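Structural features, examined
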Amino acid sequence: MTSRPQTPPLSKPEDDQDPMARPPPTTTSLAVPFPTSRKKATGVRPWLLLDSTGQTQVVEAGKHAIMCRTGLPARDLRILDPLLSYPSAVLGRERAIVINLEHIKAIITAQEVLLLNSRDPSVTPFVEELQRRLIFHYHATEAQAEGKQGLENRDGSKILPYEFVALETCLEAACSCLESEAKTLEQEAHPALDKLTSKISTLNLERVRQIKSRLVAITGRVQKVRDELEHLLDDDEDMVELYLTEKLVQQQLDDSSTSSLNEGNDIDDDELQADSDDSIPAEVSLGALASHKDDINNIDNEHDHQFTAPNGLGRYSNTHTSTTRSAISKNLNVGELEMLLEAYFVQIDGTLNKLSTLGEYVDDTEDYINIMLDDKQNQLLQMGVMMTTATLVVTFFVVVAGILGMNIKIALFKEDVQTGMPKFLWTVAGGTSGVIFLYVIAIAWCKHKRLLDN
């Protein structure tokens, strides 16, 4: 197997640098194989580059520079644009993996990681953890290459490729962030909901409304991450695209085989040329020699073009890419990657289940509050019915009082106070008794008709 080509260094490394040390990031400009006479583009952004040894440096690069270095199309880089809102995505391409998970926006190749928003305070813990794992992976790989026991395979397990170490760190950071937010929301939601059920007030209702809005937002984010992982797990071809190291090795083997075949053909051509030199005229020999020199120059130009390409890889044709991908798909077992993705799929699915349970609890509380409000409303309606009935029956007594208050001459008004007072009291008592009797009859009839609760 040929050795992995190293990425052209962006800055001159120091010879006495400790591989386990974490020097502060340096700022350089990303070297690209296109003319530099153009003016500096306005879309240049700082990218944090972590190489295979775990060392970091900040590079200033535009979209075209990143496209030339990673082989990604512009539509994939648009997903990482912080000014645009795109859902979570994990895209596997020929030479890179595009990661857009929550606050993590990165490009992973077989030899390096490019992180866009490295200055975000929420990304700092992720960068530190990623650097630690990459350093650990580098020493484990070196120990395995020297024939010693690696740091990660003490139990005999296989060391993960570079891109899988970076991918696992991204997934762990995104899933842990979502799980932490879900746990915080759950701790705030239960007391607020319990307080609302005990006392319905404007303040409690507003607090629960805010919690429900946060719940809907975080549920959508978790659902997008879960759907992306499920999509990867359901499609083996998409998982094969994430094996960048295997594709790089396969391309190197194909190139070595092609070079060996070309060298063998050149040797055969030289032998045939030597045998036929005596029989070929001078003019023909000179023409063949000039043609042969042109072929050599074309091969050298092609070799130089491939050497100047980023990561030591040239632009392969679609036929060659399809052939390599088919060969890898047939011989590659995606079980290792599937287990990695399955672990984080289970974690994010558990977070989604917690949020779904919390959402059901919020909905149950909302239904309970609506039931309580409906009950209060029914009680008010019943009280209104009773008050209206009382007003109706009292109106009959008011009619009697109105009749007696008319300015007419009757015998009752001609009697003196001592004689007419008993009759007046009997009239008042009779009217009051009649009103009460009518009210009781009306309420009993309403209860009989189930217009009022018993």
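Keep in mind the model is a prediction, meaning the values are calculated, not measured.

1. A closer look at the overall build of the chain
- Within the chain, the secondary structure is distributed over 11 helices and seven strands.
- Expressed as a percentage of its 454 residues, the buried residues of the chain come to 33%.
- Residue pairs in contact within the chain that sit at least 24 positions apart in sequence constitute 71% of those at least 6 positions apart.
- Accessible area for the chain stands at about 27900 Å²; split by element, carbon and sulfur atoms hold 57% of it.

2. Re a nonpolar patch on the surface
- A cluster of nonpolar side chains, namely L392, F396, F437, L438 and I441, defines an oily patch on the protein surface of about 510 Å² accessible area.
- Counting only elements with at least two residues in the nonpolar patch, the list comes to α10 (335–404) and α11 (417–448).
- The element best represented in the nonpolar patch is α11, accounting for three residues.
- Tracing the backbone shows F396 in helix α10.
- Since its relative accessible area comes to 48%, F396 is described here as partly exposed.

3. Let's talk about the packing of helix α4 (residues 162–198) against helix α5 (residues 202–234)
- Between α4 and α5, the shortest axis-to-axis distance is 10 Å and the interhelical angle comes to 155°. Here α4 lies roughly antiparallel to α5, going by the angle between them. For the crossing formed where α4 meets α5, the hand is left-handed. Two secondary-structure elements touch here, α4 through L171, L178, E181, A182, L185, E188, A189, A192, L193, K195 and L196 and α5 through N204, L205, R207, V208, I211, R214, L215, I218, R221, V222, V225 and L229.
- Residues that form the contact of α4 with α5 fall into these classes: 16 nonpolar, one polar and six charged.

4. Considerations on the nonpolar core
- The biggest cluster of nonpolar side chains holds 62 residues, and the ones touching the most others in it are I99, F126 and L341.
- In terms of residue count, α4 provides more of this core than any other element does, 17 residues in total.
- Setting aside residues no more than four positions away along its own chain, L341 makes contact with L171, L229, L232, L233 and M239.
- By size, the runner-up hydrophobic cluster in this structure holds 17 residues, among which are V59, L72, I79 and V98.

5. Observations concerning the UniProt feature "transmembrane region" (unreviewed entry) in the chain
- Look at the UniProt record and you will see "transmembrane region" (unreviewed entry) annotated at residues 380–404 and 424–446.
- When the span residues 380–404 is considered, its composition is 100% helix and 0% strand, and the gap between its end C-alpha atoms is 36 Å.
- Strand forms 0% of residues 424–446 and helix 100%; the C-alpha atoms that close the span are 33 Å apart.

6. Re a negative patch on the surface
- A surface patch of negative charge is lined by D236, E237, E338 and E342.
- For the negative patch, the secondary-structure elements that each account for two or more residues are α6 (236–241) and α10.
- Looking at the secondary structure, you find D236 in helix α6.
- By relative accessible area, D236 is classed as partly exposed at 45%.

7. Overview of the pairing of strand β6 (residues 104–108)
- Where burial is concerned, most of β6 is hidden: five out of the five residues are buried.
- Burial along β6 is two-sided: the residues I104, A106 and I108 and K105 and I107 are all buried.
- Where strand β5 (residues 97–101) hands over to β6, the hairpin turn is made up of two residues, of which E102 adopts a positive phi near 55°.
- Here β6 folds back onto strand β7 (residues 112–115) in antiparallel fashion, the turn holding three residues.

8. Here we look at the environment of E168
- Its location among the elements puts E168 in helix α4.
- When the C-alpha positions of E168 and L337 are compared, they lie 9.8 Å apart, and in sequence the two are 169 residues distant.
- With residues near it in sequence (within four places) discarded, E168 still touches R133, L160, L340 and Y344.
- Of note is the side chain of E168, whose polar atom sits 3.4 Å from the side chain of Y344.

9. Remarks on the pattern of salt bridges
- If you walk through the whole model with that rule in mind, you get 15 salt bridges.
- Here E102 makes a salt bridge to R221, at a shortest N to O gap of 2.6 Å. Linking E102 in the loop between β5 and β6 with R221 in helix α5, this pair joins segments that are 119 residues apart in sequence.
- Here R221 falls in the partly exposed class, since its relative accessible area comes to 27%.
- A salt bridge links E172 to R133, with the nearest nitrogen and oxygen atoms 2.2 Å apart. Here the residue E172 occupies a position in helix α4, and R133 occupies one in helix α3 (residues 124–145), the gap between them amounting to 39 residues.
- The structure contains a network of salt bridges with shared partners spanning E129, R132, R133 and E172.

10. Re the side chain of E112
- Locating E112 in the fold gives a position in strand β7.
- Owing to a relative accessible area of 2%, E112 belongs among the buried residues under this scheme.

11. Concerning helix α1 (residues 63–70)
- Along α1, the positions that sit buried rather than exposed are A65, I66, R69 and T70. Seen along its axis, α1 keeps its buried residues to an arc of 110°; they face one direction.
- In the core, the buried residues of α1 are packed alongside β2 (45–51), β3 (56–61), α2 (74–79), β6 and β7.

How each quantity is defined
- Residues numbered from 1 in each chain as written.
- Predicted model: local features only at pLDDT ≥ 70, side-chain atom pairs only at ≥ 80, totals over all residues.
- Heavy atoms only, no water.
- Helix = DSSP H or I, 4+ residues; strand = E, 2+ residues; numbered from the N terminus.
- Buried < 20%, exposed > 50% of the residue type's maximum accessible area, 1.4 Å probe, protein only.
- Contact = heavy atoms within 4.5 Å.
- Areas by Shrake-Rupley, 256 points an atom, 1.4 Å probe, with all protein chains shown as cover.
- Patch = residues over 30% accessible without salt bridge, like charges linked within 9 Å, V, L, I, M, F, W, Y side chains within 5 Å.
- Salt bridge = Lys/Arg side-chain N within 4 Å of Asp/Glu carboxyl O.
- Axes fitted to C-alpha atoms, helices over the stretch in contact; angles between N-to-C directions.
- Parallel < 35°, antiparallel > 145°, perpendicular 65-115°, else oblique.
- Left-handed = near helix turned anticlockwise from the far one by under 90°.
- Nonpolar A, V, L, I, M, F, W, Y, C, P; charged D, E, K, R; others polar.
- Core = buried A, V, L, I, M, F, W, Y, C linked by side-chain atoms within 4.5 Å.
- UniProt positions renumbered as here; feature names shortened; annotations may be inferred.
- Lys, Arg positive; Asp, Glu negative; His and termini not counted.
- Charge placed at Lys NZ, Arg CZ, Asp CG, Glu CD.
- Pairing = 2+ DSSP bridges.
- Polar contact = N/O pair within 3.5 Å; in protein donor to acceptor, adjacent residues only side chain to side chain.
- Arc of directions from axis to C-beta.

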